[in-house]
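Structural characterization, general
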Amino acid sequence: MTKPRIGFIGLGLMGAAMVERLQSLGYELTVIANRSRKAIDDAVARGATEAKTSAELAAASDIVMFCMDTSASVESRVYGEDGVLAGVKEGSIVIDFGTSLPGSTQKIGADMAAKGVLYLDAPLGRTPAHAKDGLLNIMCSGDEAAYRKVKPVLDDLGENVFHLGPLGTGHTIKLINNFFAMTTACAMAEAFAMADRAGVPRDKLYQVMSAGPLHSGMMDFVKNFAMEGQIDLAFSLDNASKDVGYYRQMAEGLGANSRMSSAAAGTLKEALGAGWGDRMVPEIVDYLAGSLDRK
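Residues numbered from 1 in each chain as written. Predicted model: local features only at pLDDT ≥ 70, side-chain atom pairs only at ≥ 80, totals over all residues. Heavy atoms only, no water.

With respect to the layout of surface pockets
Put simply, the rule is: Computed over the protein atoms alone on a 1 Å grid, cavities are sets of points where a 1.4 Å probe fits but cannot get out and pockets are open sets with protein on both sides within 12 Å along at least five of seven lines; a residue lines them when it has an atom within 4 Å of a point. Grid points are joined across faces, edges and corners, and a volume is the space filled by probe spheres set on the points. Under the convention adopted here, Pro, Cys and the residues Ala, Val, Leu, Ile, Met, Phe, Trp and Tyr are nonpolar, Asp, Glu, Lys and Arg are charged, and Gly plus all remaining residues are polar. Helix and strand assignments follow DSSP, with helices taken as H or I runs no shorter than four residues and strands as E runs no shorter than two, numbered in order from the N terminus.
One number sums up the size of the largest pocket: a volume of about 1,400 Å³. In terms of lining residues, the largest pocket is bounded by 42 residues, among which Met14, Arg126, Ala234, Phe235 and Asn239 are the most central. Classifying every residue of the lining of the largest pocket by side-chain character gives 18 nonpolar, 16 polar and eight charged. Reported here for the second largest pocket is a volume of approximately 270 Å³. If you go around the second largest pocket, you meet 16 residues; those closest to its centre are Thr2, Pro4, Ile63, Lys149 and Val153. For the lining of the second largest pocket, the element with the highest residue contribution is helix H8 (residues 144-157), accounting for five residues. Classifying every residue of the lining of the second largest pocket by side-chain character gives eight nonpolar, three polar and five charged.

Next comes the structure, spelled out in structure tokens:
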């Protein structure tokens, strides 16, 4: 069976790894420069075609994939005379793998549908290392027939591929997931920082906390940095703050009061204001260890 032609926009760490995976399996790729010139050059060296505009990329593709940082970035590539919407062909499928606002996703989906194009949201779990091996967690939602059509491609990228419901459901679940994850990371980091202040060795605290129901992968990500200087979660504080902010924006749009996210949002915003945006999430323990004084 002929593999679909894929246009990929957003070759950051995750996107570049996904493109490498797809190329290793024989997919024909069209790519476009966004931020990382090296990732584009590497993809072209492996046989990809570089497009000059998003419209050109879309016209050359059966499936268009986004892996971008914000809803604003996705919308900037969708709209305008050189955007995906201007070039995409009827019958094509467009997939957003990023973590976006559900409201933006649904708006884009409606505009794509008006052109006879199906839009799916499919946010990701796990890391670029998993992407290279086709072991991502993929949380897809949208038209079920479109999902079935692209599932063979998703299966080449992911170990665990879910169809979760109507368009926007994947992004909703991903934001809830990331709110919980970042709240847990900040709480664990503060626990280590408070142990330092109280003169309790970090390893003793961890022994007790990890022996009970509190134990989790996120706890261990923070612990591995706090106790061994090892970073296993390559996710920046800037991205963490963005995702928690999106969660809060989503909650507000639903008329809901998110009590628990306020502490994580405030902590992350404070760290960004101190210039820690490029640091990885587990490093928040160092920030909190140096900023526990009461204000």
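After that view of the structure, there is still more to cover.
Focus on a nonpolar patch on the surface
Selection rule: Exposure above 30% relative accessible area and the absence of a salt bridge qualify a residue for a patch, where like charges join within 9 Å and nonpolar side chains (Val, Leu, Ile, Met, Phe, Trp, Tyr) within 5 Å. Only the protein chains shown count as cover for residues, and the accessible areas themselves come from Shrake-Rupley with a 1.4 Å probe. The salt bridge criterion pairs a side-chain nitrogen of Lys or Arg with a carboxyl oxygen of Asp or Glu, the two atoms within 4 Å.
Judged by side-chain polarity, Phe162, Leu164 and Ile173 come together as a nonpolar surface patch covering roughly 230 Å² of accessible area. When you line up the elements, Ile173 lands in helix H9 (residues 169-198).

So, the sheet that holds strand E8 (residues 136-140)
Strand pairs in the sheet, formed through backbone hydrogen bonds, run parallel or antiparallel to each other. Formally: In this analysis, strands are considered paired if DSSP registers two or more bridges between them. Contacts are residue-level and defined by heavy atoms, with any inter-residue pair within 4.5 Å sufficient. Only the stretch in contact is used when fitting a helix axis, every axis being a line fitted to C-alpha atoms; angles between N-to-C directions are given from 0 to 180 degrees.
In space, the three strands of this open sheet follow the order E7-E8-E9, with mixed pairing throughout. A single partner strand is all that each edge strand has here, and the edge strands are strand E7 (124-125) and strand E9 (158-163). In this structure, E7 lies alongside E8, joined through two bridges in antiparallel fashion. From the neighbouring strand, Gly125 faces E8, where its bridge partner is Asn137. Here H8 sits on the sheet and contacts E8 and E9; the angle it forms with E9, its principal contact strand, is near 165°.

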